[in-house]
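Results of the structural survey
Chain by chain, the residues:
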Amino acid sequence: MGKGTSTVVAVEEGKSVTMQLDLGAMGKPVQKFQLTPENGGTKVEWVMTSSFGMNPIGRVIGLFLDGMLGKTHERGLSNLAKVLNTAA
C-alpha cells in the first residue's frame, strides 16, 4: 500500500532491467522488464517472481497474485506505451 523500496539490481542494455523489491512483511519479490524488438518497435514484458518457501499462507496468496496484480501491471504498461508514443 505504497510502502517499500525498489532497487535496480541488473541492467542488460537494450534487453532488460531487473529490480529487487522490499515490501517488508509482504516479502521481497523480483521484478523484471524484458525488452524484445518486435514489428519495428519494442515489446515490453513485466514479470514478477517471488518465493513463498513452505509458508502455507504465502503459497495460497501466491495463487491469487496474478489476479491481484495483473490489472496494475497492465495499467502500468499502458501508461508506459502512452508516454513513449507521445515522446516519439
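The following refers to the structure shown. Each chain has its residues counted from 1, following the order in which its sequence is written. Confidence filtering applies because this is a predicted model: local features only for residues at pLDDT of at least 70, side-chain atom pairs given and counted only at 80 or more, and all residues used for totals across whole chains, interfaces and linings. Excluding hydrogens and water, the side-chain values take into account all heavy atoms of the structure.

To continue, consider the overall build of the protein chain. Counting from the N terminus, the helices are DSSP H or I runs at least four residues long and the strands are E runs at least two residues long. The number of helices and strands found in the protein chain is one helix and four strands. Listing the helices and strands of the protein chain from first to last along the sequence gives β-β-β-β-α. Relative accessibility thresholds used throughout: buried, under 20% of the residue-type maximum; exposed, over 50%; partly exposed, between the two (1.4 Å probe, protein chains only). Counting the 88 residues in the protein chain, one finds 11% classified as buried. Residues count as neighbours in contact if any of their non-hydrogen atoms are within 4.5 Å of one another. Counting only contacts in the protein chain whose residues sit at least 6 apart along the sequence, the fraction spanning at least 24 positions is 10%. Under the counting rule used here, the positive set is Lys and Arg, the negative set is Asp and Glu, and His together with the chain ends is not counted. Each charge is placed at NZ for Lys, CZ for Arg, CG for Asp and CD for Glu. Across the protein chain, the mean location of the 9 positive side-chain charges is 8 Å away from that of the 7 negative side-chain charges.

As a further point, take the sheet that holds strand E3 (residues 30-38). Two strands qualify as a pair provided that DSSP identifies no fewer than 2 bridges between them. With antiparallel pairing, the four strands of this open sheet are ordered in space as E1-E2-E3-E4. Either end of the sheet is taken by a strand with one partner, and the two such strands are strand E1 (5-12) and strand E4 (41-49). The mean angle between the axes of side-by-side strands here comes to 20°, regardless of whether they run parallel or antiparallel. Two strands pair when backbone bridges link them, and E1 and strand E2 (residues 16-22) are joined in this way by seven bridges, in the antiparallel orientation. Each bridged residue has a counterpart across the sheet, and for valine 11 the counterpart in E2 is valine 17. Helix axes are fitted only over the stretch in contact, all axes being lines through C-alpha atoms; the angle between N-to-C directions runs from 0 to 180 degrees.

Computed over the protein atoms alone on a 1 Å grid, cavities are sets of points where a 1.4 Å probe fits but cannot get out and pockets are open sets with protein on both sides within 12 Å along at least five of seven lines; a residue lines them when it has an atom within 4 Å of a point. Grid points are joined across faces, edges and corners, and a volume is the space filled by probe spheres set on the points. Empty space within the largest pocket amounts to approximately 860 Å³. Lining of the largest pocket is provided by 28 residues; of these, Leu23, Met26, Met48, Leu65 and Leu69 occupy positions nearest its centre. It is helix H1 (residues 56-87) that provides the largest number of residues to the lining of the largest pocket, a total of 11 residues. Polar here means any residue other than Ala, Val, Leu, Ile, Met, Phe, Trp, Tyr, Cys and Pro, which are nonpolar, and Asp, Glu, Lys and Arg, which are charged; Gly is therefore polar. When the residues that make up the lining of the largest pocket are grouped by side-chain class, the tally is 16 nonpolar, eight polar and four charged.

Here we take up the environment of valine 8. Summarising the element assignment, valine 8 is placed in strand E1. The spatial distance from the C-alpha of valine 8 to the C-alpha of phenylalanine 33 is 11 Å, given a sequence separation of 25 residues.

Here asparagine 39, not a glycine, exhibits a phi torsion of approximately 50°, which is positive. As for its position among the elements, asparagine 39 is in the loop between E3 and E4.

Relative to the elements of secondary structure, serine 78 occurs in helix H1. Serine 78 gets classed as partly exposed once you look at its relative accessible area, which sits at 34%. Separated by 51 residues in sequence, serine 78 and glycine 27 place their C-alpha atoms 26 Å apart.

This part is about a nonpolar patch on the surface. Taken together, the side chains of Ile57, Val60, Ile61, Leu63, Phe64 and Met68 define a hydrophobic patch exposed on the protein surface, amounting to about 650 Å² of accessible area. When you line up the elements, leucine 63 lands in helix H1. Exposure above 30% relative accessible area and the lack of any salt bridge qualify a residue for a patch; like charges then connect within 9 Å, and the nonpolar side chains Val, Leu, Ile, Met, Phe, Trp and Tyr within 5 Å. Here the open area of atoms and residues is found with the Shrake-Rupley method and a 1.4 Å probe, where only the protein chains shown may cover a residue. Any Lys or Arg side-chain nitrogen located within 4 Å of an Asp or Glu carboxyl oxygen qualifies as a salt bridge.

Everything listed is a geometric property; what it means functionally is a separate question.
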